[in-house]
Amino acid sequence: MAAIGAIEKAKVLVVGDSGVGKTSVVHLICHNEPCHNPSATIGCSVEVKLHEFRAGTPAERDYFLELWDIGGSSSHRNSRSIFYHQVHGIILVHDLTNRKSHQNLHKWLAEVLNKDTDTTNNGNEFDPETFAGNQIPILVIGTKADSAASLRETKISRTSSIAEECGADELHLDSMNTKYLAPGSTNAVKLTKFFDKVIERRYSGNQVSFGSKMFHNYFGD
């Protein structure tokens, strides 16, 4: 393993409605254990995960992934854009027992992509054409899978519309149960694949494509 200071980094946004379980998801991903008493996120909190890029291959290398858990309160909507710059990956989180939270993922993605747009002027309306040229990897996560199963909602054998539009993988989990991200499980494989894509996009060149704009690397050359 490389010295801590020598390990390079990438930034992943975690967005979705308030109460869908973003903080618990981030904690489970970074610490492989449940977060029993999550508190409401005000503004943004950041957790760090050490990721083995292309594990088991000659190209294997350690990277730090910063997961930026963005508070979902509508009262903070106008100030969230400060967190949306130099992003290398986006995780969209919704509650499987709350259909509205899934529908709102379009608004969340639009908010991130249109961060420089006045939100009073349709800035938060999702436009597939705007996303078409975006190269930022996307992952969709549905939470509260156990509760949704009891409501007969997780057995729907379809990919959510936003995942299809983004060409994104989607996984369902219960953040209170580590089995959902057990090594070798479908969810764990999808998550690893997503993080590998984030690293590839981050370090494929000196600039990162974001919508129609180009931003220099957030952590320097």
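Please refer to the structure placed before this passage.
Residues numbered from 1 in each chain as written. Predicted model: local features only at pLDDT ≥ 70, side-chain atom pairs only at ≥ 80, totals over all residues. Heavy atoms only, no water.

Engineer: Tell me about the overall build of the protein, and please be specific about residues and values.
Structural biologist: Summing up its helical and strand segments, the protein has seven helices and eight strands in all. A sequence separation of at least 24 residues applies to 69% of the contacts in the protein between residues at least 6 apart. When the accessible surface of the protein is totalled, it reaches about 11,100 Å², and 47% of it is carbon and sulfur. (Helix = DSSP H or I, 4+ residues; strand = E, 2+ residues; numbered from the N terminus. Contact = heavy atoms within 4.5 Å. Areas by Shrake-Rupley, 256 points an atom, 1.4 Å probe, with all protein chains shown as cover.)

Engineer: Give me the nonpolar core: which residues, what numbers.
Structural biologist: Counting residues in hydrophobic clusters, the biggest one holds 29 residues, and the most contacted among them are I29, L65, L67, I91, I141 and L173. At the level of secondary structure, the elements contributing two or more residues to this core comprise β1 (9-15), α1 (22-31), β3 (61-70), β4 (89-95), β5 (138-143), α5 (145-150) and α7 (186-203). Beyond its immediate chain neighbours, meaning those up to four positions away, I91 contacts V12, L13, V14, V15, L139, I141 and F194. Membership of the second largest hydrophobic core comes to 21 residues, among which are L13, V15, L105 and W108. (Core = buried A, V, L, I, M, F, W, Y, C linked by side-chain atoms within 4.5 Å. Buried < 20%, exposed > 50% of the residue type's maximum accessible area, 1.4 Å probe, protein only.)

Engineer: How would you sum up helix α3 (residues 105-113)? Please name residues and give values.
Structural biologist: α3 sits mainly inside the fold: eight of its nine residues count as buried. Three or more residues of α3 are buried, namely L105, H106, W108, L109, A110, E111, V112 and L113.

Engineer: Give me the lowdown on unusual backbone geometry, citing residues and values where you can.
Structural biologist: In this structure, R54 takes a positive phi of about 50° despite not being glycine. Among the secondary structure elements, R54 is positioned in the loop between β2 (44-53) and β3. Positive phi is not limited to glycine here, since Q86 has a value of about 55°. Here Q86 lies in the loop between β3 and β4. For Q86, a relative accessible area of 22% puts it in the partly exposed group.

Engineer: Describe the sheet that holds β5, and please don't skip the residues or the numbers.
Structural biologist: A sheet is described by the order of its strands in space; here six strands give the open sequence β2-β3-β1-β4-β5-β6, paired in mixed fashion. Looking at which strands have only one partner, the edges of the open sheet turn out to be β2 and β6 (169-172). Taking each pair of neighbouring strands and ignoring which way they run, the sheet shows an average axis angle of 25°. Against the sheet, α3 contacts β1, β4 and β5, and its axis sits at roughly 155° relative to β4. (Pairing = 2+ DSSP bridges. Axes fitted to C-alpha atoms, helices over the stretch in contact; angles between N-to-C directions.)

Engineer: Describe the packing of aromatic side chains, naming the residues involved and giving the relevant values.
Structural biologist: What describes a pair of aromatic rings is the distance from one ring centre to the other and the angle between the planes of the rings. All told, the structure shown has four aromatic pairs when counted by the stated rule. Ring centres of F194 and F195 lie 5.5 Å apart, and the angle between their planes is 45°; on these two criteria the pair is classed as tilted. Accessibility expressed as a relative area gives 1% for F195, which makes it buried. In textbook terms, an aromatic cluster arises when at least three aromatic residues are bridged by ring pairs, as seen for F53, Y63 and Y203. Its end group placed over the ring of Y203, R202 keeps NZ or CZ at 4.3 Å from the ring centre. (Phe/Tyr/Trp six-rings, centres within 6.5 Å; stacked < 30°, edge-to-face > 60°. Lys NZ or Arg CZ within 6 Å of the ring centre and 35° of its normal.)

Engineer: Hey, could you go over the pairing of β1 for me, with residue numbers and the actual values?
Structural biologist: Across the seven residues that make up β1, a large majority, six, are buried. As paired elements, β1 and β3 share six bridges and run parallel to each other. Following the sheet pairing, K9 is matched in β3 by F64. Summarising the sheet, β1 and β4 pair through four bridges and their orientation is parallel. Bridged to V14 within β4 is I91.

Engineer: Explain the side chain of D17 to me, and be specific about the residues and the numbers.
Structural biologist: With respect to the element layout, D17 can be found in the loop between β1 and α1. Summary of buried charges: D17 has no salt-bridge partner, and the nearest side chain of opposite charge, K22, is 7.2 Å away. Here the side chain of D17 touches N104 through a polar contact of 2.8 Å, side chain to side chain. Look past the residues within four positions of D17 in its chain and what remains in contact with it is K22, G72, V93, K100, S101, N104 and W108. (Lys, Arg positive; Asp, Glu negative; His and termini not counted. Salt bridge = Lys/Arg side-chain N within 4 Å of Asp/Glu carboxyl O. Polar contact = N/O pair within 3.5 Å; in protein donor to acceptor, adjacent residues only side chain to side chain.)

Purely geometric numbers; function is a separate question.
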